[in-house]
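Coordinates in review
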Amino acid sequence: MTAPTALIADDEEGMRQQLRSRLQEAWPALNIVAEAENGIEAVALAGKHQPDIVFLDIRMPGLSGIEAARMLFNRCHLVFVTAYDQYAIEAFEQGALDYLLKPVGGERLKTTCARLQSLIGQQPSNIERQLSQLLSHHSKPAAARTDYLRWIQAVVGANLRMISTREVLFFQADEKYTRVQTEQSEVLIRKTLKELADELDPDEFWRIHRSTLVRVDAIEEVTRDLRGRQMVRIRNHPQLLEVSRGHTHLFQQM
């Protein structure tokens, strides 16, 4: 019997690696045939490899996971990977859509793998109506949101520390972790920078680099170094933070 095949689509390499690793543990027979960095690539690679299953991150450039799913739902079984709030999760649970919560793992992954194993070889369900409803929910303007992240949970030793986002100067990716910097201290959390960017108020936190989110009112000044790079100086902190070329528009008057 041919091994079942799958494609993983997520614009964060670390999240793709994590999902691949967790799937190998939960379902060793599953063959991951390709990985995509965005929705457009996901559709193209799905056409090329014809996988049985596609794991789709919700928020991706080019095409979102939901938009890509509308092009794929009748060709393969779909699983969304999401960091959505509870209201969106309820929308998944009321329909025929399967989902995994970031960070992926635990009983939910086992349940999803067992369900998928029972579906291999069957025609994918027609979920066009559910996808349209989910796309409508996903397309609501960000300004309407009132559920932005306000507290950061960090495990420090044997204790759980609660940090208000108002205390945070910046977040910076640090290998498998994210560094949370306040005036008094720094801690590491397992939440990815992409997840934080999705959950934080974009009027309060700006992404100035693929590895850095900074609280806007913590910025003291923006300068240029000898190489012409824009550098952000943070109030009451010595570290200078680089602004990548793709985010210089945030400081257009420089």
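On a predicted model such as this, the values are computed, not experimentally measured, just so you know. (Residues numbered from 1 in each chain as written. Predicted model: local features only at pLDDT ≥ 70, side-chain atom pairs only at ≥ 80, totals over all residues. Heavy atoms only, no water.)

As a rule of thumb, nonpolar side chains are buried together in soluble globular proteins. In this structure, L7, L56, L78 and F80 are the most contacted members of the largest nonpolar core, which totals 26 residues. Of all the secondary-structure elements, those providing two or more residues to this core are strand 1 (5-9), strand 2 (31-36), helix 2 (39-49), strand 3 (53-57), helix 3 (65-72), strand 4 (77-82) and helix 6 (128-138). Membership of the second largest hydrophobic core comes to 16 residues, among which are A6, V79, C113 and L116. (Core = buried A, V, L, I, M, F, W, Y, C linked by side-chain atoms within 4.5 Å. Buried < 20%, exposed > 50% of the residue type's maximum accessible area, 1.4 Å probe, protein only. Helix = DSSP H or I, 4+ residues; strand = E, 2+ residues; numbered from the N terminus.)

In sheet architecture, strand pairing relies on hydrogen bonds along the backbone and comes in two forms, parallel and antiparallel. The sheet built from five strands is open, its strands ordered 10-9-8-12-11 with antiparallel pairing. Both outer strands of the open sheet, strand 10 (186-189) and strand 11 (205-209), are each paired with one neighbouring strand and no more. Averaged over all pairs of adjacent strands, the angle between strand axes in this sheet comes to 20°, irrespective of strand direction. With four bridges joining them, strand 9 (residues 177-182) and strand 10 adopt antiparallel strand pairing. (Pairing = 2+ DSSP bridges. Axes fitted to C-alpha atoms, helices over the stretch in contact; angles between N-to-C directions.)

Attention now moves to the sheet that holds strand 1. The five strands are arranged 2-1-3-4-5 in an open sheet whose pairing can be described as parallel. On the outer flanks of this sheet lie strand 2 and strand 5 (98-101), each paired with one strand and no other. When strand polarity is set aside, the average angle formed by the axes of neighbouring strands in this sheet is 20°. Along the sheet, helix 1 (residues 13-26) contacts strand 1, strand 2, strand 3, strand 4 and strand 5; its crossing angle with strand 2, the most-contacted strand, is approximately 170°. Across the sheet, helix 2 is in contact with strand 1, strand 2 and strand 3; its angle to strand 2 comes to roughly 145°. (Contact = heavy atoms within 4.5 Å.)

Inspection of the sheet shows strand 6 (residues 151-156) paired to strand 7 (residues 159-164) by six bridges, in the antiparallel sense. Its bridge partner lying in strand 7, W151 is registered against S164. Once strand 6 ends, the chain turns through two residues before running back antiparallel as strand 7, passing G157 with a positive phi of about 65°.

Evaluation of the coordinates by the stated rule reveals one aromatic pair. With a centroid separation of 5.5 Å and an interplanar angle of 50°, the aromatic rings of F171 and F205 are classed as tilted. Residue F171 is found in strand 8 (residues 168-174), and its partner F205 is found in strand 11; the two are separated by 34 residues along the sequence. Its guanidinium or amino end placed over the ring of Y99, R108 lies 4.1 Å from that ring's centre, counting from NZ or CZ. (Phe/Tyr/Trp six-rings, centres within 6.5 Å; stacked < 30°, edge-to-face > 60°. Lys NZ or Arg CZ within 6 Å of the ring centre and 35° of its normal.)

The next point concerns unusual backbone geometry. Phi is positive for Q50, which is not a glycine, with a value near 50°. Take Q50: it is sitting in the loop between helix 2 and strand 3. Relative accessible area serves as the criterion here: at 48%, Q50 is assigned to the partly exposed category. A positive phi angle, near 60°, is found at N236, a position not held by glycine. Mapping N236 onto the fold places it in the loop between strand 14 (230-234) and strand 15 (240-242).

With that settled, the discussion passes to the confidence of the model for the chain. Across the chain, pLDDT averages 85, with 89% of residues at or above 70. Within the chain, no element has a lower average pLDDT than helix 4 (residues 86-93), which sits at 56, and none a higher one than strand 1, at 97. (pLDDT = per-residue confidence, 0-100.)

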